[in-house]
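Okay, here's what each chain looks like letter by letter:
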Amino acid sequence: MKNIIVGALTLLVVGLMIFTATDDPVFHGGHQSKVIEDFGDGKNQKIAVTIAPEEKSDREKENEALSALRDKAGNAGAFKVTNEYKSKCSSCHGVNGSGFQNGKAMMGPKIFGQSEEKLYKDLADFKAGRKENMVMKGLLINLNDNDLKRLAKEIGEFPARAKAKAQQAAE
Ligand code: HEC
């Protein structure tokens, strides 16, 4: 009896193996190969042509040149921030905490100009889950309370740093 069951199972497994090897598209590149085929048949090439970017108008070019200049001026007046802030926070809140870069709103809100106390409270609340935001919570998991205090203190100083830098530049 045992032998019959084992034999039947073996047959079933071998049968499945043959079936998957011959029939399952996964073994032949799956959906990806279908996509590649779609690209190759020439029918879709029209679409690619229609979505090619249009030549920029003179006005747009002018605007870009202007904002590039502004950024340069802005960077020249940029105040110093720690590498910690730069590497951990600036990608979403901007190098100066403005929440803007190259005139575009970034993912994080403006934090420039907020008080050390409010910044620390927000950070502690994110970390504790009292204030809900998956992005900020995930970021703060590896930071301890002292790290939060240090960051809050630094960001709280941004306006003073900006002012000092502006005065320096004027002298
Ligand atoms: C991946 C993007 C991202 C990074 C990196 C990031 N943040 Fe945020 N941050 C956000 C977003 C999005 C919010 C808005 C959350 C909300 O209001 O629910 C936020 C909110 C905040 C707030 C609350 C501001 C307010 O007015 O409500 C503070 C303070 C803050 N972040 C500080 C930091 C600090 C300090 C760092 C670096 C350790 C950092 N963030 C890194 C995306 C980011």
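Starting afresh in each chain, residues are numbered from 1 along the sequence in its written order. With pLDDT at 70 or above as the cut-off, local features in this predicted model cover only qualifying residues; side-chain atom pairs require 80 or more to be listed or tallied, and sums for whole chains, interfaces and linings still use all residues.

## Overview of unusual backbone geometry
For step 1, the next point in the chain: If you check the backbone angles, Asn102 has positive phi at about 50° while not being a glycine.
For step 2, the next point in the chain: Within the secondary structure layout, Asn102 lies in the loop between strand S1 (100-101) and strand S2 (104-105).
For step 3, the next point in the chain: Residue Asn102 is classed as exposed on the basis of its C-beta count, with 12 C-beta atoms lying within 10 Å. Strands are runs of DSSP state E lasting at least 2 residues, helices are runs of H or I lasting at least 4, and numbering of each runs from the N terminus. Exposure is read from a count of other C-beta atoms within 10 Å of each residue's own; the residue is exposed at 12 or fewer, buried at 20 or more and partly exposed in between. C-beta atoms are placed from the backbone.

## Examining the confidence of the model for the protein chain
For step 1, the next point in the chain: Scored from 0 to 100, pLDDT records how confident the predictor is in each individual residue. Averaged over every residue, the pLDDT of the protein chain is 79; residues scoring 70 or more account for 67%.
For step 2, the next point in the chain: Per-residue pLDDT, averaged within each element of the protein chain, yields its smallest value for helix H3 (residues 45-50) (49) and its largest for helix H9 (residues 145-156) (98).

## Quick word on the environment of Ser98
For step 1, the next point in the chain: Within the secondary structure, Ser98 is located in the loop between helix H6 (90-93) and S1.
For step 2, the next point in the chain: Here Ser98 falls in the partly exposed class, since 18 other C-beta atoms lie within 10 Å of it.
For step 3, the next point in the chain: Note: C-alpha distance between Ser98 and Ile111 (13 residues apart in sequence) is 6.3 Å.
For step 4, the next point in the chain: C-beta atoms are first placed from the backbone for all residues, and any pair lying within 7 Å is then listed as a contact. The residues touching Ser98, leaving out its near neighbours within four places in the chain, are Lys110 and Phe112.

## A closer look at the site of the ligand
For step 1, the next point in the chain: Only the C-beta atom, placed from the backbone, is used; a residue is near a molecule or strand if that atom lies within 6 Å of it. Not every one of the 17 residues close to the ligand is listed here, only the nearest: Lys88, Cys89, Cys92, Gly108 and Asn133.
For step 2, the next point in the chain: Contributing elements (two or more residues each) for the shell around the ligand: H6, helix H7 (116-128) and helix H8 (134-140).

## A few points about H7
For step 1, the next point in the chain: Each helix should span, by expectation, one fewer than its residue count multiplied by 1.5 Å. Across its 13 residues, H7 extends 18 Å between first and last C-alpha, which sits within 8% of the 18 Å expected from 1.5 Å per residue.
For step 2, the next point in the chain: Among the residues of H7, those classed as buried are Leu119, Tyr120, Leu123 and Phe126. Buried residues of H7 fall within an arc of 130° about the axis and therefore sit on the same side. Residues of H7 that are exposed and point more than 90 degrees away from the buried face comprise Glu117 and Ala128.
For step 3, the next point in the chain: At its buried positions, H7 is contacted by H8 and H9.
For step 4, the next point in the chain: Immediately beyond the C-terminal end of H7, within one or two residues, lies Gly129, with a positive phi of roughly 85°. Here the arc refers to the set of directions running from the helix axis out to each C-beta atom.

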